[in-house]
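Structure at a glance
What follows is each chain in one-letter form.
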Amino acid sequence: MNDHGRRPGFLPPDPRVEEPYRFNPQMALRVGILGVLAVVVFCALFFRLWALQVISGERYLENANNNQIRSFGVAAPRGSIVDRDGDTLVSNKPGTQIQIWPAALERLPVEERAAMLRRLARLLELKVPAVRDKVEERLESDPLTPVTIDTSVGELKTAYLMEHQGDFPGVQITETYLRSYEQGVLAPHILGYVGEIDAEQLEAKADQGYRSGDRIGKTGIEAVYDTYLRGVRGEGRVFVDALGRITSEREFSQLPEPGDNIRLTIDADLQRASEEALEYGIRLAHDQDEWAADGGALVALDVNTGEILALASNPTFDPGIYVGRVEEKDLNALAAKSANHPTLNRAVAGLYPPGSTFKPFVALAALEEGLLGRDEYIQCTGEEVIDGQTFSNWDPYKNEPMTVSTALANSCDTFFYNVALRFYKRKDSPLQRWSRAMGFGAGTGIDLGPEAEGLVPTPGWRRRTFKTEIDKIWTSGDSVQLAIGQGDLLVSPLQMTRAYAMIANGGKLVEPHLVKSVEEPRNEGEPPVVLRPYTPKPARELGLDPNGVQVVQQALYDATHATYGTSQAVFGSFPVPIAGKTGTAEKFVTLPGFEGLRDQSWWCGYGPYEAPEIAVCALIENGGHGGTAAAPTALKVFEKYFNVEPGSYSAVVQQSD
Amino acid sequence: MATPVTRVHQPTRAQAFAWELGAFLRHLDYLLLAATGGLLAYGLWVLESVTQNDVAGDPGYYVFRQTIYVVAGVLLLAAVAAVDPNVYRRVRWPLYGAVIVLLIAVFVLAEEVRGSRRWIQIGFFNFQPSELGKIVLIVVLAGFVAERRHRLAEWGTTLGVIGLAAPLMALVFKEPDFGTTLIYAAIVLGALFFGGTPWRHLAVLAIIAGLVAGALLWFLPSAGIEVLEPYQRERLTGFVDPDVDPSGSTYNVNQSITAVGSGGFDGRGADNATQTKFNYLPEHSTDFIFSSLAEQRGFMGAAILLLLYGIVIWRGTKIVAVAKDLYSAILAGTVVFALLIQLFINVGMTIGIAPVTGIPLPLVSYGGSSLLTTLILIGLLEAVHVRGRLAGAR
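Residues numbered from 1 in each chain as written. Chains lettered and ligands numbered in written order. Predicted model: local features only at pLDDT ≥ 70, side-chain atom pairs only at ≥ 80, totals over all residues. Heavy atoms only, no water.

Considerations on the overall build of chain A
Helix and strand counts for chain A stand at 25 helices and 23 strands. Counting across all 657 residues of chain A, residues that qualify as buried make up 51%. Sequence-distant contacts, at least 24 apart, represent 71% of the contacts inside chain A between residues at least 6 apart. Accessible surface computed for chain A: about 29,800 Å², of which carbon and sulfur atoms make up 51%. (Helix = DSSP H or I, 4+ residues; strand = E, 2+ residues; numbered from the N terminus. Buried < 20%, exposed > 50% of the residue type's maximum accessible area, 1.4 Å probe, protein only. Contact = heavy atoms within 4.5 Å. Areas by Shrake-Rupley, 256 points an atom, 1.4 Å probe, with all protein chains shown as cover.)

Printed below as a string of structure tokens:
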């Protein structure tokens, strides 16, 4: 058989392989096996394809669609907080948030995940472990909700991220609202601040519709009225590709609804004046060599309605540090020892012995209990010896008979020691009972958050609290201390202000509150729609004898206008008649480098005397005498309230040259 | 009166050439060529649908390049078919040496892409030596076994075959390219099987292979010795149970199965194939192109493709039977077996019945080296067929 195949002529045939080859049965078997194998393979492939595509096709189609769905939430603009006249205190400004979808990140291979996080962290100037922890935490709790990595990032970085989406799979940029403090640093203790909800809050409020990543008020009005302020978040769905880039229009199942506004009872101008007054008072104290003066509080209250017109605490802080990215260093600065607890609201949570400012209540209680007559004279001496202990008067040279009215105006300590002994003889602790009735030793119910209750010491309390037999006994000395506002008695400035309002309005205990109404926000120029006015509890009538109240009122007027009045120098020439009392309370304090007793400077009072409107209580911590630091502080607030020009009248305010 | 003179007609060179060309053309297996052509055309059409959104503004980017390779490949097929396969056998040792050198060169010259080095760049062309190695290994092993046709019962022959393949397999494995290593193993098996190695040898080898696999996948890792990378191990065991997946190695398979399943009976069309379009399916123009096809064209589209491959495999099997000598028979059988295994692993991986390895779908996946290699292999089949038919073998 002639072979016309292309075999090169010069090569001889290779007998080993090119000898005639028979297709023997063994080879036939093997070829047959190959054929069977091919048939098996193809059958397997066809059957599997049929199963996947025809039988389960619907299910996989659904999976393919679900692959792409991302749900998202849209933050609702938070309600604004405005003052009583409608001036905005806190509103919103737009900001950007950088978020990561934990589920999308999980889909990446491990090395790519780490690389992406490193790139992102480097771009945003964050630490990689911090970012990774956040993502992992959210992965465990709620992998389908994006976790916020950074806020208010800045245009350059936002633009870079948007241009390089491919390098950052699973990362998205969303718009959000950030709090804007329109009046600068004003009333941060009242307003509070907003932050991301943490695990405990989430657990506590789970049934109110809060979710991971929501913003929630942390302190102050922002916290207490969060359910009004936060509005309703928008919910929607969008389709994305494998890198998380959006491929469809957003569908909203719930449009975001803006939150309601809160109108406070606060007057922004008066509040600013109060905060400046506290700074002023501390300076005055320093001028008087009270080097330890480092803080204070002031409350201004409407005596008839209980509306709080101003509530200030010093030292203060800038709530703006909580907006956007919170820097560790800012938080550390607040927590530093030298900062002296700026976030503490001393007006409601600070406790101090009231000193002489407590005497009017002792007088009232004594008059009500019949332990003292309105015109009864008691000798006011330089000192008294009681049960072997010597108690002195602030004025060691005084020696004249006084009625209660004069004793109050003069702030005679020994007068009240005598009154104290009369209380001491009674077994039912009537002074403590009246104190509690007047609101001391318990919270006021103010709608601001946690407040301190203070302490009204009783014999029962002594027995319960102390361990040694000697300490468990209520001595005459304890009664004496109580009667002049010292000893274990502790009150807050808010409690004091409310109690002085009680004197001013003739014996009614009002409910102090900060919020006037909840309002629906309207466009510029349109009047707001009141959704819910605040209805405070009716003032509690204490049933005091009006004659007794009148005596104390007169005494307070004398304290500011009589020549022997302890703050006459400050208020005597004020064009609006103000009545009030100074206090100089000794308190044991621990300061850096010092431990011992310092005088707390108090002044509490109200005006106008004939038809009272406003009660003010000022406290300068470690400020020395009430008349030199706290009284001028309160004066500044009255100036603002009554629109009196400083300098248009004479007031003796002792400043050293 | 004249004596009849018979003159033997000597053909001229041109006439001889024309006759040989005619014989060549008469004895080609046209069904195989048609099926191959069908696969190429279908493949180009699929590639166009699948990659139309990949390069912004240039939907034909990949198709254009692939077409150039197709043309070059068809020419190579014709050239290879025209040459007697025994020519390759005689130059197999230089070829073997060249492949070893190229495979070593890969470690030096190639860029690392996604953790492996496979291609050497020669100007415009990305050349993958491991693909060339397939052809050379088939030729070398077929020749070796054919020469030892009378000594097949000896272990020396069997081990010799393995010994020849081992360096190539080791080099390819180190790239790392586990998929191609598997195909090399299939080639070894094919050569031994069609050469006529006794069954007991094959059984022993099967047991050893099973033990090695078991050791690599389960025993050694339990003892703390890792030969395979963890992700490689997970890919191999993961197809058995895709839900057990700590680091996302089977994410690809799940997306692939979703893509395939969502195709339904007649597909979602190119625009609605969201797994492809939005990049949920990785490697949709190369390793997972079958998934993309299944998503876009459904069961119908996939079935047509498998049918075409079926024709190729069937014709190839017949060619083994018509081979004119043992070497050609082994050559053809090994080629068919290698193609079958490659097809099964690639398609099976996309539908979750084979382990995940990075090997292309023959004649369809985008990639010049694979395309040319497969067309050369088919050219070898044609060469065997032509010679066999001409020799009048059964």
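Concerning the overall build of chain B
When helices and strands are tallied, chain B shows 16 helices and two strands. In chain B, which comprises 394 residues, the share counted as buried stands at 56%. Looking at chain B alone, contacts between residues at least 24 apart form 71% of all its contacts between residues at least 6 apart. Of the roughly 16,200 Å² of accessible surface on chain B, 66% is carried by carbon and sulfur atoms.

Re the sheet that holds strand β8 (residues 234–239) of chain A
Residues and elements named next belong to chain A. Here three strands make up an open sheet; going across it, the order is β1-β8-β9 and the pairing antiparallel. Edge positions in the sheet fall to β1 (69–74) and β9 (251–254), since each has one partner strand and no second. Direction aside, neighbouring strands of the sheet carry axes that sit 30 degrees apart on average. Examined bridge by bridge, β1 and β8 share six bridges and lie antiparallel to one another. Counterpart to G73 in the pairing with β8 is E235. (Pairing = 2+ DSSP bridges. Axes fitted to C-alpha atoms, helices over the stretch in contact; angles between N-to-C directions.)

Remarks on the packing of helix α15 (residues 359–368) of chain A against helix α17 (residues 413–425) of chain A
Residues and elements named next belong to chain A. Close contact between α15 and α17 brings their axes to 11 Å; oriented N to C, the two are set at 45 degrees. Looking at the two axes, α15 sits oblique to α17. At the point where α15 passes α17, the crossing takes the left-handed sense. Where α15 abuts α17, its residues K359, V362, A363, A365 and A366 lie against D413, F416, V419 and F423. Looking at the contact of α15 with α17 residue by residue, the class counts come to seven nonpolar, no polar and two charged. (Parallel < 35°, antiparallel > 145°, perpendicular 65-115°, else oblique. Left-handed = near helix turned anticlockwise from the far one by under 90°. Nonpolar A, V, L, I, M, F, W, Y, C, P; charged D, E, K, R; others polar.)

Some remarks on the pattern of salt bridges
Opposite charge on two side chains permits them to pair, given that their charged atoms come into close proximity. Residue and element names in this part refer to chain A. All told, the structure shown has 30 salt bridges over all chains when counted by the stated rule. A salt bridge links E251 to R237; the nearest nitrogen and oxygen atoms lie 3.5 Å apart. A residue pair is termed long-range when its members are at least 10 positions apart, and E251 in strand β9 and R237 in strand β8 qualify at 14 residues. For E251, a relative accessible area of 40% gives the class partly exposed. In this structure, R426 and D428 form a salt bridge, with 3.3 Å as the shortest nitrogen-oxygen distance. Look at the salt bridges and you will find they share partners, linking R78, R179, E222 and D226 into a network. (Salt bridge = Lys/Arg side-chain N within 4 Å of Asp/Glu carboxyl O.)

Brief notes about the sheet that holds strand β11 (residues 295–302) of chain A
Residue and element names in this part refer to chain A. What the five strands build is an open sheet, ordered β12-β11-β23-β22-β21; its pairing is antiparallel. Each having just a single partner strand, β12 (308–314) and β21 (579–591) make up the two edges of the open sheet. This sheet shows a mean twist of 10 degrees between the axes of neighbouring strands, independent of strand direction. Strand contacts of helix α12 (residues 268–287): β11, β12 and β23 (614–621), with the helix running at about 40 degrees to β12, the strand carrying the most contacts. Across the sheet, helix α22 (residues 493–504) touches β11, β12, β21, β22 (594–607) and β23, and the angle it forms with β22 is around 30 degrees.

Overview of the packing of aromatic side chains
Following the criterion strictly, the structure yields 29 aromatic pairs over all chains and no others. Residues A:F415 and A:F416 carry aromatic rings whose centres are separated by 5.3 Å and whose planes lie at 65 degrees to one another, so their mutual orientation is edge-to-face. Consider the rings of A:Y641 and A:F642, whose centres lie 4.9 Å apart with planes at 90 degrees: the pair is edge-to-face. Through pairs of rings, three or more aromatic residues link up here, namely A:F571, A:F574, A:W603, A:F638, A:Y641, A:F642 and A:Y649. Here the basic side chain of A:R30 rests over the ring of B:F193, its NZ or CZ set 5.2 Å away from the ring centre. Over the face of the ring belonging to A:Y280 we find A:K636, whose NZ or CZ atom lies 4.9 Å from the ring centre. (Phe/Tyr/Trp six-rings, centres within 6.5 Å; stacked < 30°, edge-to-face > 60°. Lys NZ or Arg CZ within 6 Å of the ring centre and 35° of its normal.)

Quick word on the state of the cysteines
All names here are of chain A. For the coordinates displayed, the defined rule picks out two disulfides over all chains. Through a disulfide, C380 is tied to C412; the S-S separation comes to 2.0 Å. Looking along the S-S bond of the C380-C412 disulfide, the torsion reads about 105 degrees, which is the right-handed sense. You can see C380 sitting in strand β13 (residues 378–380) and its partner C412 sitting in the loop between α16 (404–410) and α17, a full 32 residues away along the chain. Its relative accessible area of 0% is what places C412 among the buried residues. Disulfide pairing places C604 opposite C617 at an S-S distance of 1.8 Å. An S-S torsion of about 45 degrees defines the bridge between C604 and C617 as right-handed. Of this pair, C604 sits in strand β22 while C617 sits in strand β23, placing them 13 residues apart in sequence. (Disulfide = S-S within 2.5 Å.)

Quick notes on a nonpolar patch on the surface
Taken together, the side chains of A:W50, A:V54, A:I55, B:F265 and B:M300 present a nonpolar region at the surface, about 470 Å² in accessible area. When residues in the nonpolar patch are grouped by element, the largest group, three residues, is from helix α2 (residues 25–55) of chain A. By the secondary structure assignment, A:V54 is in helix α2. Residue A:V54 is classed as partly exposed on the basis of its relative accessible area of 30%. (Patch = residues over 30% accessible without salt bridge, like charges linked within 9 Å, V, L, I, M, F, W, Y side chains within 5 Å.)

A word on the interface of chain A and chain B
Interfaces are often described in size by the accessible area the parts lose on coming together. Taken together, the contact between chain A and chain B spans 51 residues of the former and 69 residues of the latter. Counting the surface lost from both chain A and chain B, the interface buries some 5,400 Å², and carbon and sulfur atoms represent 67% of this. Inspection of the region where chain A meets chain B yields zero salt bridges. On the surface where chain A and chain B come into contact, there are seven residue pairs in polar contact (both at pLDDT 80 or more). For the side of chain A that touches chain B, the elements supplying multiple residues, two or more each, are α1 (15–18), α2 and α3 (57–67) of chain A. When the residues that make up the side of chain A that touches chain B are grouped by side-chain class, the tally is 29 nonpolar, eleven polar and eleven charged. (Buried area = accessible area lost by both parts, 1.4 Å probe. Polar contact = N/O pair within 3.5 Å; in protein donor to acceptor, adjacent residues only side chain to side chain.)

Focus: the confidence of the model for chain B
Residues at a pLDDT of 70 or more form 90% of chain B, whose mean pLDDT is 86. Interface confidence for the predicted complex, given as ipTM, is 0.90, next to a pTM of 0.69. (pLDDT = per-residue confidence, 0-100.)

Some details on empty space enclosed by the protein
Counted under the stated rule, the structure contains two cavities of 30 Å³ or more. Of the volumes computed, that of the largest cavity is approximately 70 Å³. B:L39, B:Y309, B:V312, B:I313, B:L339, B:L340, B:L343, B:P362, B:L363, B:T374 and B:I378 together form the lining of the largest cavity. Secondary structure elements with two or more residues in the lining of the largest cavity: α14 (289–322), α15 (326–350) and α16 (368–390) of chain B. Here the lining of the largest cavity is composed, by residue class, of ten nonpolar, one polar and no charged. One number sums up the size of the second largest cavity: a volume of about 50 Å³. In this structure, the second largest cavity is lined by A:L178, A:R179, A:Y181, A:Y193, A:V194, A:R215, A:P319, A:Y322, A:V323 and A:G324. Considering every element that reaches the lining of the second largest cavity, the biggest residue donor is strand β5 (residues 171–181) of chain A, with three residues. (1 Å grid on protein atoms, 1.4 Å probe; cavity = no way out; pocket = protein on both sides within 12 Å on 5 of 7 lines; lining within 4 Å. Points joined across faces, edges and corners; volume = space filled by probe spheres on them.)

Thoughts on helix α6 (residues 129–147) of chain B
If you check α6(B), its first and last C-alpha atoms are 27 Å apart, about what 19 residues at 1.5 Å a residue would give, namely 27 Å. In terms of burial, α6(B) is a largely internal element, 18 of the 19 residues being buried. (Expected span 1.5 Å × (residues − 1).)

Considering the confidence of the model for chain A
The share of residues in chain A with pLDDT of 70 or more is 95%, and the mean pLDDT across the chain is 87. Residue range residues 1–6 of chain A is modelled with pLDDT below 50. Its contacts to residues more than four positions away, or to other chains, number eight contacts.

What to know about unusual backbone geometry
Backbone torsion omega between A:G607 and A:P608 reads -15 degrees, so that peptide bond is classified as cis. A cis geometry characterises the amide bond from B:E175 onward to B:P176, with omega recorded as 0 degrees. Relative to the assigned elements, B:P176 resides in the loop between α7 (155–173) and α8 (178–195). Non-glycine residue A:N340 carries a positive phi angle of around 65 degrees. Mapped onto the elements, A:N340 comes out in the loop between α13 (328–335) and α14 (346–349).

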